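Residue-level listing of the chains:
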Amino acid sequence: MVLLPASVFPGIVAAIALAGLVYGKFGKAKLAALGAAIVIAISVATSSLVMIPTGYTGILTTFGKVNEQRTLDAGPNFVAPWQDVVKMNNQVQKFEKTF
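Source: prediction; values computed, not measured.

Asks: Would you mind showing me how to read the pattern of salt bridges here?
Replies: Two side chains carrying opposite charge are able to pair once their charged atoms lie near each other. Within the structure shown, the criterion is met by one salt bridge. In this structure, the salt-bridge partner of lysine 94 is glutamate 96, at a minimum N-O distance of 3.2 Å. An identical accessibility class is assigned to lysine 94 and glutamate 96; each is exposed.

Asks: How should unusual backbone geometry be read in this particular structure?
Replies: Trans is the common state for peptide bonds, and a negative phi is the common state for residues other than glycine. If you check the backbone angles, phenylalanine 63 has positive phi at about 55° while not being a glycine. Structurally, the position occupied by phenylalanine 63 is in the loop between β2 (56-62) and β3 (65-72). Residue phenylalanine 63 is classed as exposed on the basis of its relative accessible area, which comes to 73%.

Analysis parameters
- Sequence order as written defines residue numbering, which begins from 1 separately in each chain.
- Residue-level local features of this predicted model are given only where pLDDT is at least 70; pairs of side-chain atoms are given and counted only at 80 or more, and the full residue set underlies all totals for whole chains, interfaces and linings.
- Only hydrogens and water are set aside; all other atoms, that is, all heavy atoms of the structure, feed into the side-chain values.
- Every case where a carboxyl oxygen of Asp or Glu lies within 4 Å of a side-chain nitrogen of Lys or Arg is listed as a salt bridge.
- For each residue, the accessible area found with a 1.4 Å probe, counting protein chains only, is set against the maximum for its type, and the residue is called buried under 20%, exposed over 50%, and partly exposed in between.
- Strands are runs of DSSP state E lasting at least 2 residues, helices are runs of H or I lasting at least 4, and numbering of each runs from the N terminus.

Printed below as a string of structure tokens:
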């Protein structure tokens, strides 16, 4: 399940209101095109949102090459749709050796 940021919802409401105006003025073809554009915009926005859990660092890769200038901290992060994120555990592990 992908959670949308709260800033997206006013845009969705505005798009629905605009769709009602477009439907009344231009008909079903324009409404279908607007609906497709909205669906594409939402899918790109949600595919760009990456959640990094606490205790991990996100390593950003572009077409398999590591981006050495940017790492992702814990929490929500936005990345380009063509970039991948590898989550690396950076928690300290305690090891005790007993004899």
